[in-house]
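As a plain string of letters, each chain reads:
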Amino acid sequence: MRRYLQSVLLRAGFCLCCTAALFVFAPSGSTQGLASGDLSRLRSVGSVELSPDSRRIAYTVTMRDRPGRPYGQLWLMDVVTQKSVRVGGEKDSGGGPLWSPDGKWLAFQGHQGEKGGLFLARPDGTDVTFLASLSGTNSPLPGTGNDVTWSPDGKQLAFISSTPGREAVEAAGDPMVITRYLYKPDAGEGMTRFNDNQRLHIFAVDVATKQVRQLTQGNFDEHSMDWSPDGKEILFASNREPNQDEFFNYDIFALKTADNSVRRLTATEYNEYEPLWSPDGKHIVYRGTRRGVTDRETTMEDTHVWVMNADGSDRREIGSVLDNRQGAPRWAPDGSAVYFTLQERGSNHLVRLPISGGKAEYLVKDAGVVASWSVGKDGALAYSFASSLDATELYLKTASGAPRKITDLNTQLFAGKPIAEVESFTFISNDNKFEVEAFLTKPLGMTATSKHPLIVNIHGGPHGQNGPAFNFKNQVYAARGWATLNVNYRGSTGYGQKFADAVFGDQDGNEGQDVLYAVSAAVRRYLWIDRERLGIEGVSYGGQLTDWLITQTNEFKAAVPIAGIANLVSYNYMTYYNQYEEMEFGQFLHQGNLMDVAWERSALKHVAAAHTPTMLMHGENDNDVPIAEAEQFFIALKDVGTEAIFVRYPREGHGLAETKHQIDSIDRCIAWYEKHFPKPGAEGVTNVQP
């Protein structure tokens, strides 16, 4: 299933365009810290689900020890003994665990032996039973919620699977005939340049008989399900607009299980995501927006938590009391409150908010990232968390006790390897409008007189964030004696809506100046940074800013744009990401003078000023930022006479997914910087720009 694969691949970060920035590279000739090859041994916790009696935790572990992309394994932990057993064998995979209401079964998705699809297992991991085959789609469908849900009596499971849409036959023919506006696949798919035209629908399987029946039909997609407490309806989200490819707009619906009829609960010009029934069935919680244009991948508007009555009336944005981006909500067992994650100054916290109003309670406010969590009826909380010193591990917090880490997946990998310190600092922006925050990962092996290179690593989005959480690539750089600077430039999330909106109509503008001002602040405050050895890189929007900034300054000795946009005009008409420029600038490119503005803010237009040696990296089948963006910039740099090489990765979409490609990318980055950095300790200072 598509959502299960996404959870495995994306769990380490907020979006795929940031993934490469989370993996790290190896030092050559260094005996301390992490190396690029260590990536294949790195493990991290993904999904987390407490059993109804809070006696067991089902959790997934993301593995990178096989050829190809990372995969998940499913484990079950006894809370009392803290001993875990794997569900299935060493070669099996699993994810998306979901306990039955009585706790007697665990549903999950994956592969066991020769079969793949939906499975059941006993609470101790035994008696694994195959229930149904699953098929997904590569169509871009962001923000999808549950794709499996139990009936309240535990006798049935509803699940999402796909059937061919009406465009499938012609689009797969010879010749291929394309009629859909959205004819390209999801960003990370990487295996093809074309949408498979499968449509997601709701199915149900009887646990006892294994009989499967299809509950919904049509040329649209249903997802994000939840079975009502009385068993009569299944909530789901869907885009039923006539121009669903062009206008991204999920609404909430309810399917009556008696006759498969559907009632509509919302009809808005904005988005509703991940609806869930309250325990008594009287309310529905969901994540939503207010603006009429919301993009298919990232959005400038922070999502907030909403509550409405079961009939769709009295919609209330209860999350408005917190001016920051909020994750998918889940109900407290008694229905009095909801839990959700909150992005805040580089971290992802977990909060509890009463639905009747009142102050939010921070349950996990440590610096780092809460990814998945589950709340027990007794108040127990299980969650996955990445701190500044550790990859994502499993934590448990009882109702009255302090949280404690109950897995240590990388003990052997990290043994004897120091982890570099991460320090934050703030500075005032070039236009004096904002306080901007940056995170500096310090190098290992510093002495009172040593000088160290600085790599500026720019996050994607632009509506994302970097923070203090464990960053593998930064740690590999640190092991080489290099510092890494992550800047939460304007447009980043975690600093309120006004800050996220500050990039509106100003791409490759003041947010780029935020990055340069961060470099300036860093070299002045941290005198051990070597001004002669500055590098710059980034993925997606970070790649775009890398392209742009080397046309604005010569202060960097080497650059590595990964999956970056060099030409805002060509990009707009090649990407699947078809509302991006409209959302970021407020109108279509063909309206007014926006075409001229977009070209003026394109690195390609200013390439004659680019003199920084540049290594471009791109996935062959990137449908978010098509590889033609790198192709254009590579030839343009060559025409200018700037040193440039172009690294193309097969089977990759937006960002790099295969472990060997990630390791290769890290090693090439290191080699590129080493080639172009002057020898340490060279006399004099020539780079006075920062």
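Attention here is on the structure that accompanies the text. (Residues numbered from 1 in each chain as written. Predicted model: local features only at pLDDT ≥ 70, side-chain atom pairs only at ≥ 80, totals over all residues. Heavy atoms only, no water.)

Description of the overall build of the chain
Here is step 1 of the chain: In terms of helices and strands, the chain carries 12 helices and 35 strands.
Here is step 2 of the chain: Over its C-alpha trace the chain gives a radius of gyration of 25 Å, about what one expects of a compact globule, namely 26 Å for 690 residues.
Here is step 3 of the chain: Overall, the C-alpha framework of the chain stretches about 80 × 60 × 50 Å when taken along its three principal axes.
Here is step 4 of the chain: Here the chain holds 690 residues, and the buried ones make up 63% of them.
Here is step 5 of the chain: Sequence-distant contacts, at least 24 apart, represent 60% of the contacts inside the chain between residues at least 6 apart.
Here is step 6 of the chain: When the accessible area of the chain is evaluated, it comes to approximately 25,200 Å², of which 50% is carbon and sulfur surface.
Here is step 7 of the chain: Averaging the positions of the 68 positive and the 83 negative side-chain charges in the chain gives two centres separated by 4 Å. (Helix = DSSP H or I, 4+ residues; strand = E, 2+ residues; numbered from the N terminus. Rg over C-alpha atoms; globule rule 2.2 N^0.38 Å. Buried < 20%, exposed > 50% of the residue type's maximum accessible area, 1.4 Å probe, protein only. Contact = heavy atoms within 4.5 Å. Areas by Shrake-Rupley, 256 points an atom, 1.4 Å probe, with all protein chains shown as cover. Lys, Arg positive; Asp, Glu negative; His and termini not counted. Charge placed at Lys NZ, Arg CZ, Asp CG, Glu CD.)

Some words on the packing of helix H6 (residues 510–525) against helix H7 (residues 541–549)
When two helices pack together, their arrangement is given by the angle between the helix axes and the distance between those axes.
Here is step 1 of the chain: Where H6 contacts H7, the two axes come as close as 11 Å, and the packing angle between them is 80 degrees. With respect to each other, H6 and H7 are oriented roughly perpendicular. Of the residues in H7, those in contact with Glu511, Gly512, Val515 and Leu516 of H6 are Tyr541, Leu545 and Leu549. (Axes fitted to C-alpha atoms, helices over the stretch in contact; angles between N-to-C directions. Parallel < 35°, antiparallel > 145°, perpendicular 65-115°, else oblique.)

Thoughts on the sheet that holds strand E6 (residues 106–112)
Here is step 1 of the chain: A sheet is described by the order of its strands in space; here four strands give the open sequence E5-E6-E7-E8, paired in antiparallel fashion. Of all the strands in the sheet, the pair left with one neighbour each is strand E5 (93–99) and strand E8 (129–132). Ignoring strand direction, the axes of neighbouring strands in this sheet form an average angle of 35 degrees. (Pairing = 2+ DSSP bridges.)

Considering the sheet that holds strand E4 (residues 84–86)
Here is step 1 of the chain: The strand order across the open sheet built from four strands is E1-E2-E3-E4, with neighbouring strands paired in antiparallel fashion. Two strands lie at the open edges of the sheet, namely strand E1 (44–50) and E4, each paired on one side alone. Ignoring strand direction, the axes of neighbouring strands in this sheet form an average angle of 30 degrees.
Here is step 2 of the chain: Pairing of strand E3 (residues 71–78) with E4 involves three bridges; the strand directions are antiparallel. Considered in E4, the bridge of Trp75 is made with Arg86.

Structural notes on the nonpolar core
Here is step 1 of the chain: Counting residues in each nonpolar core, the largest one holds 64 residues, and the members touching the most others are Phe425, Leu485 and Phe633.
Here is step 2 of the chain: With seven residues, H6 is the largest single contributor of residues to this core.
Here is step 3 of the chain: With sequence-adjacent residues up to four places away left out, Phe425 is seen in contact with Val436, Glu437, Ala438, Leu440, Leu485, Ala518, Ala521, Ala522, Arg525 and Tyr526.
Here is step 4 of the chain: Judged by nonpolar contacts, the second largest core, of 29 residues, contains Leu42, Trp482, Val539 and Phe677. (Core = buried A, V, L, I, M, F, W, Y, C linked by side-chain atoms within 4.5 Å.)

With respect to unusual backbone geometry
Here is step 1 of the chain: For the bond running from Asp174 to Pro175, omega is 10 degrees, close enough to zero to count as cis.
Here is step 2 of the chain: Relative to the helices and strands, Pro175 resides in the loop between helix H2 (168–171) and strand E11 (198–206).
Here is step 3 of the chain: Despite not being glycine, Asn197 shows a phi value in the positive range, around 60 degrees.
Here is step 4 of the chain: Turning to its location among the elements, Asn197 is positioned in the loop between H2 and E11.

Observations concerning the side chain of Lys184
Here is step 1 of the chain: Here Lys184 is to be found in the loop between H2 and E11.
Here is step 2 of the chain: In this structure Lys184 is buried but unpaired, with Asp622 as the nearest side chain of opposite charge at 8.9 Å.
Here is step 3 of the chain: A distance of 2.4 Å separates a polar side-chain atom of Lys184 from the backbone oxygen of Met574.
Here is step 4 of the chain: Discounting chain neighbours no more than four positions away, the residues touching Lys184 are Pro140, Arg193, Phe194, Asn195, Met574, Tyr576, Asn623 and Pro626. (Salt bridge = Lys/Arg side-chain N within 4 Å of Asp/Glu carboxyl O. Polar contact = N/O pair within 3.5 Å; in protein donor to acceptor, adjacent residues only side chain to side chain.)

Quick notes on the environment of Thr268
Here is step 1 of the chain: Topologically, Thr268 is positioned in the loop between strand E16 (262–264) and strand E17 (272–277).
Here is step 2 of the chain: Each C-alpha atom, one on Thr268 and one on Ile252, is 9.8 Å from the other, the two residues being 16 residues apart in sequence.
Here is step 3 of the chain: Ignoring anything within four residues of it in the chain, the contact list for Thr268 reads Asn249, Asp251 and Arg315.
Here is step 4 of the chain: Of the polar contacts made by the side chain of Thr268, one reaches the backbone oxygen of Tyr270; its length is 3.1 Å.

As for H7
Here is step 1 of the chain: Burial analysis of H7 places nine of its nine residues in the buried class, the great majority of the element.
Here is step 2 of the chain: For H7, the complete set of buried residues consists of Tyr541, Gly542, Gly543, Gln544, Leu545, Thr546, Asp547, Trp548 and Leu549.

Some remarks on the pattern of salt bridges
Pairing between side chains of opposite charge can happen when the charged atoms of each approach one another.
Here is step 1 of the chain: Across all of its chains, the model carries 33 salt bridges by this definition.
Here is step 2 of the chain: Among the salt bridges present, the one from Arg533 reaches Asp530, with a minimum N-O distance of 2.9 Å.
Here is step 3 of the chain: A cluster of three or more residues bridged by salt bridges with shared partners is formed by Asp38, Arg41 and Lys417.

Quick notes on the packing of aromatic side chains
Here is step 1 of the chain: According to the stated counting rule, one finds 29 aromatic pairs in the structure shown.
Here is step 2 of the chain: Here the aromatic cluster, defined as three or more aromatic residues joined through ring pairs, consists of Phe425, Phe427, Tyr526 and Trp528.
Here is step 3 of the chain: Against the face of Tyr71 rests Arg66, its NZ or CZ located 3.7 Å from the ring centre.
Here is step 4 of the chain: The lysine or arginine in question, Lys365, covers the ring of Tyr362, its NZ or CZ lying 4.3 Å from the ring centre. (Phe/Tyr/Trp six-rings, centres within 6.5 Å; stacked < 30°, edge-to-face > 60°. Lys NZ or Arg CZ within 6 Å of the ring centre and 35° of its normal.)

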